[in-house]
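So the chains spell out like this:
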Amino acid sequence: MIPKTGIEMYQKRLFAIYKSQIYTNLDSEIDQLNYQDWLDILKQESDLIHDKITKNPDSSPLNILLGDSLSMWFPNNLLPSGTLWLNQGISGDTTSGILKRLDIFAKNNPNNIYILAGINDLKRQVPVAEILENYQKILDYLQYNYPDTRILVQSIFPTQLPSETLSFSIPNSLIKELNQNLAQQVNDQGNIYLDFHQRFTNTQGNLRSELTTDGLHLSLEGYKVWQFALKQTESRLSKNRDPDYQKWLQKSSGFPLDGQSYNWVSYRVKPGDTLEKITLKALGREDFDYCDLIAIRNQLTSDFLLINDQIEIPQLIAK
């Protein structure tokens, strides 16, 4: 059962700790508790995963989700596989709040730290300049204390506010302004900025209705969009498919793979086709690293394909 309230999620996470498990690694899938309650549970989870990694140095790489309720409610079964995930999201948290709790996971040495924060600052009408200042302090702290860790800052997602559930408004123009400044700041410091914003927008620049439960928080479909973005990020980092490579692949007539050569041919999507099925047919593999080659070529930000869409797929060059 997926928890429906904060207290249910808190109890599930406590139960996982008592079973010497981490909530984000459970097979199955809150009246608001106070902030200290959440700090305590995050600290216990962080300590537990540290102990697990210490006892098993060959365990999977560790990634941290650092942020607010959007990160906190990320469904476990949608987190990209092959990696341990430590969820350090707290509902309602701000950049200033996150800055004060960075020592919670100090024992751990993560491979990647994914940050998504700032929407609650905007809700509280914190000036953009102050949010950026907090981000700078967060980045400075993480770079100093985790010199071998990738710091990845995700763009703030759009909203569709006010809504039937939420009466306040956070202008998307302000989100866009913050994202533009944040991208510059993150890139200037040598960290990685992930521009996921457009994946969630409709033609008016608002959060797409099917991706949200209340105009701010994500629905299951919204988390699937985010999941695909993270899978692409993880795959491209592991395979060194940087922006230069992606631009090359989008324009190339062909490419080498696993000791063979392929060219690109036009393909019309048929009923029942998925990105995985097409990749399996074209490359003989359906691993996401292979799927993403086709995604890069066609600039896909989702594995959803429309029937009769015209895409390009690899074709083996006969020797």
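Residues numbered from 1 in each chain as written. Predicted model: local features only at pLDDT ≥ 70, side-chain atom pairs only at ≥ 80, totals over all residues. Heavy atoms only, no water.

S.K.: Residue-level account of the side chain of Gln 88, with values.
M.R.: Tracing the chain through its elements places Gln 88 in strand E2 (residues 84-89). Leave out the neighbours within four places in its chain, and Gln 88 touches Leu 42, Ser 46, Ile 64, Leu 65, Leu 66, Gly 67, Arg 101, Ile 104 and Phe 105. (Helix = DSSP H or I, 4+ residues; strand = E, 2+ residues; numbered from the N terminus. Contact = heavy atoms within 4.5 Å.)

S.K.: Got a sec to walk through the sheet that holds strand E7 (residues 260-268)? Specific residues and values, please.
M.R.: The 3 strands are arranged E6-E7-E8 in an open sheet whose pairing can be described as antiparallel. Both edges of this open sheet fall to strand E6 (254-257) and strand E8 (310-316), since each of them pairs with a single strand only. Going from strand to strand, the sheet's axes swing by 40° on average, the running direction of each strand aside. With 4 bridges connecting them, E6 and E7 associate as antiparallel partners. Counted as the bridge partner of Pro 256 is Ser 261 from E7. (Pairing = 2+ DSSP bridges. Axes fitted to C-alpha atoms, helices over the stretch in contact; angles between N-to-C directions.)

S.K.: Talk me through the packing of aromatic side chains; I want residue IDs and the actual numbers.
M.R.: If you walk through the whole model with that rule in mind, you get 12 aromatic pairs. Here the aromatic rings of Phe 228 and Phe 288 are separated by 5.5 Å at their centres, their planes lie at 80°, and the arrangement is edge-to-face. Of this pair, Phe 228 sits in helix H8 (residues 220-238) while Phe 288 sits in helix H11 (residues 288-298), and the two are 60 residues apart along the sequence. Exposure remark for Phe 228: the relative accessible area of 4% places this residue in the buried category. When the ring of Tyr 245 is compared with that of Trp 248, the centres are 5.6 Å apart and the planes differ by 45°; the resulting orientation is tilted. One end of the pair is Tyr 245 and the other is Trp 248, both in helix H9 (residues 243-251) and 3 residues apart, which spans about a single turn. (Phe/Tyr/Trp six-rings, centres within 6.5 Å; stacked < 30°, edge-to-face > 60°. Buried < 20%, exposed > 50% of the residue type's maximum accessible area, 1.4 Å probe, protein only.)

S.K.: So what's going on with the sheet that holds strand E1 (residues 62-67)? Residues and values would help.
M.R.: Ordered by their spatial adjacency, 5 strands build an open sheet running E2-E1-E3-E4-E5, and the pairing between neighbours is parallel. Of all the strands in the sheet, the pair left with one neighbour each is E2 and strand E5 (192-194). Sheet twist, expressed as the mean angle between neighbouring strand axes with direction ignored, is 20°. The strands that helix H2 (residues 35-55) touches are E1 and E2; relative to E2, the one it contacts most, it runs at about 165°. Set on the sheet, helix H7 (residues 172-188) makes contact with strand E4 (150-154) and E5; between it and E5 the angle comes to about 155°.

S.K.: Outline H8, supporting the account with residue identities and numerical values.
M.R.: Helix length check: H8, at 19 residues, gives a terminal C-alpha distance of 27 Å against a target of 27 Å (1.5 Å per residue), a fit within 8%. In the segment just after H8, Asn 240 is the residue with positive phi, at about 55°. (Expected span 1.5 Å × (residues − 1).)

S.K.: Give me the pairing of strand E3 (residues 112-116): which residues, what numbers.
M.R.: The element E3 is largely enclosed, with a buried count of 5 among its 5 residues. Here E3 shows no split at all, with Asn 112, Tyr 114 and Leu 116 on one side and Ile 113 and Ile 115 on the other all buried. Bridge count between E1 and E3: 5 bridges; the pairing is parallel. Paired with Asn 63 across the bridge in E3 is Asn 112. Inspection of the sheet shows E3 paired to E4 by 4 bridges, in the parallel sense. Paired with Tyr 114 across the two strands is Leu 152, which belongs to E4.

S.K.: Before we move on, can you summarise the packing of H9 against H11 with the specific residues and values?
M.R.: Running from amino to carboxyl end, H9 crosses H11 at an angle of 75°, the nearest separation of the two axes being 8 Å. Judged on the interaxial angle alone, H11 and H9 are roughly perpendicular. On H11, the residues touching Tyr 245, Gln 246, Leu 249, Gln 250 and Lys 251 of H9 are Leu 293, Ile 296 and Arg 297. Its residues assigned to classes, the contact of H9 with H11 comprises 4 nonpolar, 2 polar and 2 charged. (Parallel < 35°, antiparallel > 145°, perpendicular 65-115°, else oblique. Nonpolar A, V, L, I, M, F, W, Y, C, P; charged D, E, K, R; others polar.)

S.K.: Kindly report on unusual backbone geometry, identifying the contributing residues and their values.
M.R.: That bond from Leu 161 to Pro 162 is cis: its omega, -5°, falls within 30 degrees of zero. With respect to the helices, strands and loops of the structure, Pro 162 is situated in the loop between E4 and H7. Here the phi dihedral of Gln 125 falls at roughly 65°; this positive angle occurs in a residue that is not glycine. In this structure, Gln 125 sits in the loop between helix H5 (119-123) and helix H6 (128-145). In this structure, Asn 240 is a non-glycine residue whose phi angle is positive, near 55°.

S.K.: Before we move on, can you summarise the nonpolar core with the specific residues and values?
M.R.: Of all hydrophobic cores here, the largest spans 37 residues; its most connected members are Leu 66, Phe 105, Ile 113, Ile 115 and Leu 142. Of all elements in the fold, only E1, E2, E3, H5, H6, E4 and H7 reach the threshold of two or more residues within this core. Tallying contributions element by element places H6 first for this core, with 7 residues. Those residues in contact with Leu 66, other than ones at most four positions away along the chain, are Ser 71, Gln 88, Ile 98, Arg 101, Leu 102, Phe 105, Ile 113, Tyr 114, Ile 115 and Leu 116. Of all hydrophobic cores here, the second largest spans 23 residues; its members include Cys 291, Leu 293, Ile 294 and Leu 300. (Core = buried A, V, L, I, M, F, W, Y, C linked by side-chain atoms within 4.5 Å.)

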